[in-house]
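# Working through the structure, step by step
In case you want the letters, here they are:
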Amino acid sequence: MTVLQEKTYQPFTEESVLVYLEQKGFIKDRKEADCKEVGDGNLNYVFIVRDNTTDRSIVVKQALPYAKVVGESWPLSLDRARIERQALQEAAKHVPHLVPEVYDYDDTFAITVMEDLSDYVILRKGLIEGNRYVNLAEHIGRYLAETLFHSSDEALGPVEKKKLARQFVNPDLCDITEKLVFTDPYFNAESNSYAETLEETVNELWQDDALLFEVAKLKKQFLTEGEALLHGDLHTGSVFVTSGETKVIDPEFAFFGPAGFDAGAFLANLTLNFIAQQERSSEGDRQEISAYLLEAIEQTWAVFEQRYRELLKEHAVEERYKSDEYADYIVKKIWQDTLGFAGCKTIRRIIGLAHVEDIDGIEDDESRLRAQKRAIETGRHLIFNRQQWQSPSDWTAYLKELVQP
Ligand code: ADP
Ligand code: MG
């Protein structure tokens, strides 16, 4: 097996990864190493490799040339492995402690060799279990501010920004978001998936022309506003946590888009967990868990806003970008977009393809249906009120009211 000599793309196996890493000098002797594939293999392989002679481990993530979508294959460019790796490297320039370290890559094989984060858990799973992470909001607020600001025109100037943006043209993955977030959930598309008991609610939504118009506007923004380099898929399944640390993984959807999209994705997923916890948590824990989640929503935004304002003042390339008026203008725009995109993200997780375990895993049918209806209603409110809600406390006040018995 001489993987390197062939130098054409092939999906790796647990054996050929070891051959590759041995040839590359990452491991001394493949017979002294273990390899296990841990991804779900729908889009990518994730191999965890341990060198038993040094007890060190690394991760090799490899893109597959297709996505398995409900049994069918959806072709996807391998170039997304490069995009994911370069997005991790861009983030590492500003928030190295919040992303896995990239050790190496190979674009022919569409792989990234990176830090093993096996000591971390996926945030979605941790939140479903009712865990609280004290630094989460601080970390994600900071991640958002640094990554979004440093890729903006205000930070880079238009020439450098365009040079960076051309590295992140990501048509295949954007196509997935455009369809699954902004298009399919709003008509009777084949990709949708929801229970029969939800049919009436869904039909009502499809007949809500005012809502469809607002979503069309948000889709247009997603298509055309290249404000900043986005992660592109910043849900709670793309965040790894320990009790005190946070790592953002999996930016294969990265591209230059509207800055509010990432914040919207993250806050929508906290919102979905909040709604789910009303059904999942025991009465004794509910209040504390709910309070934690609402505070996390408010604090993530507060940290983001404060840091974004500081960055504008300290690092903007033009003097006029440093004024308070300009910061107010930019922050307000990102805020309103965050609400709108959060609304779309919330609705798609109930009606569209790819749901969230937080809600789908609620065992009791009636409880799950209540959560699903609340999520759709919240999505509508986020979209419709994006110009009225002035701050995250309007959002959290709405959620508190929503779940009043
Ligand atoms: P995909 O894009 O295919 O969803 P992810 O990057 O989200 O791939 O990884 C899938 C899973 O593989 C994660 O949920 C996590 O369990 C595991 N994983 C990914 N990256 C790492 C890493 N650096 N260290 C340890 N496990 C990882
Ligand atoms: Mg992914």
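In this report, the structure presented in the accompanying data block is examined. (Residues numbered from 1 in each chain as written. Chains lettered and ligands numbered in written order. Predicted model: local features only at pLDDT ≥ 70, side-chain atom pairs only at ≥ 80, totals over all residues. Heavy atoms only, no water.)

## Some words on the coordination of the magnesium ion (ligand 2)
- Bound to the magnesium ion (ligand 2) are the protein donor atoms Asp250 (OD), Asp250 (OD) and Glu252 (OE), situated 2.1 to 2.8 Å from the metal.
- When its relative accessible area of 18% is taken as the criterion, Asp250 is described as buried. (Donors = N, O, S within 2.8 Å, 3.2 Å for Na, K, Ca; no water. Buried < 20%, exposed > 50% of the residue type's maximum accessible area, 1.4 Å probe, protein only.)

## Observations concerning the pattern of salt bridges
- A full pass over the atoms with the stated rule returns 35 salt bridges.
- Ionic pairing is found between Arg30 and Glu22, a salt bridge with its closest N-O pair at 2.8 Å.
- Its relative accessible area of 23% is what places Glu22 among the partly exposed residues.
- Across the pair Glu84 and Lys61 runs a salt bridge, and its minimum N-O distance is 3.0 Å. Here the residue Glu84 occupies a position in helix α3 (residues 79-94), and Lys61 occupies one in strand β3 (residues 56-63), the gap between them amounting to 23 residues.
- Taking relative accessible area as the criterion, Lys61 reaches 11% and is therefore assigned buried. (Salt bridge = Lys/Arg side-chain N within 4 Å of Asp/Glu carboxyl O. Helix = DSSP H or I, 4+ residues; strand = E, 2+ residues; numbered from the N terminus.)

## Details of the environment of His97
- You can see His97 is positioned in the loop between α3 and β6 (102-106).
- Its relative accessible area of 44% is what places His97 among the partly exposed residues.
- Note: C-alpha distance between His97 and Lys247 (150 residues apart in sequence) is 7.4 Å.
- Residues contacting His97, with those up to four places away along its chain left out, are Thr246 and Lys247. (Contact = heavy atoms within 4.5 Å.)

## Observations concerning the nonpolar core
- Counting residues in each nonpolar core, the largest one holds 91 residues, and the members touching the most others are Leu136, Phe266, Tyr308 and Trp395.
- Counting residues per element, this core draws most heavily on helix α13 (residues 324-351), at 13 residues.
- Counting only domains with at least three residues in this core, you end up with domain 1 (3-115) and domain 2 (121-402).
- Apart from residues lying up to four places away in sequence, Tyr308 is in contact with Ala145, Leu148, Phe149, Ser152, Ile330 and Ile334.
- Phe12, Tyr20, Leu21 and Val113 belong to the second-largest nonpolar core, a separate cluster that totals 15 residues. (Core = buried A, V, L, I, M, F, W, Y, C linked by side-chain atoms within 4.5 Å. Domains from an automatic or database assignment.)

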